[in-house]
Amino acid sequence: MAHDLFSSLDHLGSAPAASLLVQDRSGEYRPATADELLLAAQQVLAGHVRGSDVMDSPAAVREFLKLRLGVLPHEVFAVIHLDAQHRVLDYVEMFRGTVNQTSVYPREIVKEALARNSAALLLVHNHPSGTAEPSRADEVLTRNLKEALALVDVRVLDHLIVAGPTVLSFAERGLL
């Protein structure tokens, strides 16, 4: 993949177009597609997020999520795992859905939180429709996840919905 060739977004952004190559299965190099470049940039960005303070403000979290989820044509439900000081432990895309829904399993989220020794979580999903308004199902899911995670002493700090350039916060709306 293209991310093997570049270790940072700086290198990726400053590389001449002709050098943006990927190695296929036969070992031959070919020009990277736009999707491969976007995936590479997202993977580099996610790598910089783990174990860092790069998401140390609500604005930084929003920018990361807009880049990561704002352009996807399908729904993704992700979790940002945080330690006791709310530093990022990991960003995990847990469930992938269709253009308008994703099945989310609370048991799997609790398992991941325990496996990473998370103290708190940010729940995240996107609305490819471009409308950030939470559905009734989004509100019920958030309440159920918050209750399930509370049983194992993991706090849900927010649930964010990404719709293109818009990021809606349940906490700011008083829905959490």
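The shown structure was predicted, so the numbers you read here are calculated from the model rather than taken from an experiment.

Remarks on the overall build of the protein
Then, number 1: Within the protein, the regular secondary structure consists of six helices and seven strands.
Then, number 2: Counting from the amino terminus, helix and strand elements in the protein follow one another as α-β-β-α-α-β-β-α-β-α-β-β-α.
Then, number 3: Split into buried and exposed, the 176 residues of the protein put 43% on the buried side.
Then, number 4: Sequence separation of 24 or more characterises 61% of the internal contacts of the protein that already satisfy a separation of 6 or more.
Then, number 5: In the structure as shown, the protein presents an accessible area of about 9600 Å², 53% of it carried by carbon and sulfur atoms.

Some thoughts on helix 4 (residues 106–115)
Then, number 1: Among the residues of helix 4, those classed as buried are Ile109, Val110 and Ala113. All buried residues of helix 4 fall inside an arc of 100° around its axis, so they share one side. Exposed residues pointing more than 90 degrees away from the buried face of helix 4 are listed as Arg107 and Ala115.
Then, number 2: The inward-facing, buried residues of helix 4 contact strand 3 (76–82), strand 4 (88–96), strand 5 (120–126) and helix 5 (136–150).
Then, number 3: Residue asparagine 117 follows helix 4 closely and has a positive phi angle near 55°.

Focus: the pattern of salt bridges
Then, number 1: Across all of its chains, the model carries nine salt bridges by this definition.
Then, number 2: A salt bridge links glutamate 172 to arginine 62, with the shortest nitrogen-to-oxygen separation between them at 2.8 Å. Pair noted here: glutamate 172 is in helix 6 (residues 170–173) and arginine 62 is in helix 3 (residues 58–69), with a separation of 110 residues, a long-range link.
Then, number 3: Given a relative accessible area of 18%, arginine 62 falls into the buried group.
Then, number 4: Here the salt bridges share partners, and the residues they tie into one network are Asp90, Glu112 and Arg116.

Considering the nonpolar core
Then, number 1: In terms of nonpolar packing, the biggest core is built from 17 residues, with Leu65, Leu69, Ile80, Tyr91 and Val124 touching the most fellow members.
Then, number 2: Of all the secondary-structure elements, those providing two or more residues to this core are helix 3, strand 3, strand 4, strand 5 and strand 6 (155–163).
Then, number 3: Counting 16 residues, the second largest nonpolar core, distinct from the first, contains Val79, Phe95, Leu123 and Val154.

With respect to a nonpolar patch on the surface
Then, number 1: A contiguous nonpolar surface patch, about 290 Å² in accessible area, is contributed by Leu114, Leu151 and Val152.
Then, number 2: With respect to the helices, strands and loops of the structure, valine 152 is situated in the loop between helix 5 and strand 6.

Thoughts on the packing of aromatic side chains
Then, number 1: Going through the model one piece at a time under the given rule, you end up with three aromatic pairs.
Then, number 2: For the pair phenylalanine 64 and tyrosine 91, a centre-to-centre distance of 5.0 Å together with 85° between the ring planes defines the contact as edge-to-face. Separated by 27 residues along the polypeptide, phenylalanine 64 in helix 3 and tyrosine 91 in strand 4 bring together distant segments of the chain. A single burial state applies to phenylalanine 64 and to tyrosine 91, both of which are buried.
Then, number 3: Each ring, one from phenylalanine 77 and one from phenylalanine 95, has its centre 6.3 Å from the other, and the planes form 50°; the classification is tilted. Placement of phenylalanine 77 in strand 3 and of phenylalanine 95 in strand 4 is noted, with a sequence separation of 18 residues between them.

A look at the sheet that holds strand 6
Note on sheets: strands pair through backbone hydrogen bonds, and any given pair is parallel or antiparallel.
Then, number 1: Pairing is mixed across the open sheet formed by five strands, whose spatial order is 4-3-5-6-7. Looking along the sheet, the strands with just one partner apiece sit at the ends: strand 4 and strand 7 (166–169). Taken pair by pair, the neighbouring strands of this sheet meet at an average axis angle of 20°, ignoring direction.
Then, number 2: The strands touched by helix 3 within the sheet are strand 3, strand 4, strand 5, strand 6 and strand 7, with strand 4 carrying the most contacts at an inclination of about 35°.

Some thoughts on the environment of threonine 131
Then, number 1: For threonine 131, the position within the fold is in the loop between strand 5 and helix 5.
Then, number 2: The sequence separation of threonine 131 and alanine 163 amounts to 32 residues, and the corresponding C-alpha distance is 5.7 Å.

Quick notes on the rules
Residues numbered from 1 in each chain as written. Predicted model: local features only at pLDDT ≥ 70, side-chain atom pairs only at ≥ 80, totals over all residues. Heavy atoms only, no water. Helix = DSSP H or I, 4+ residues; strand = E, 2+ residues; numbered from the N terminus. Buried < 20%, exposed > 50% of the residue type's maximum accessible area, 1.4 Å probe, protein only. Contact = heavy atoms within 4.5 Å. Areas by Shrake-Rupley, 256 points an atom, 1.4 Å probe, with all protein chains shown as cover. Arc of directions from axis to C-beta. Salt bridge = Lys/Arg side-chain N within 4 Å of Asp/Glu carboxyl O. Core = buried A, V, L, I, M, F, W, Y, C linked by side-chain atoms within 4.5 Å. Patch = residues over 30% accessible without salt bridge, like charges linked within 9 Å, V, L, I, M, F, W, Y side chains within 5 Å. Phe/Tyr/Trp six-rings, centres within 6.5 Å; stacked < 30°, edge-to-face > 60°. Pairing = 2+ DSSP bridges. Axes fitted to C-alpha atoms, helices over the stretch in contact; angles between N-to-C directions.

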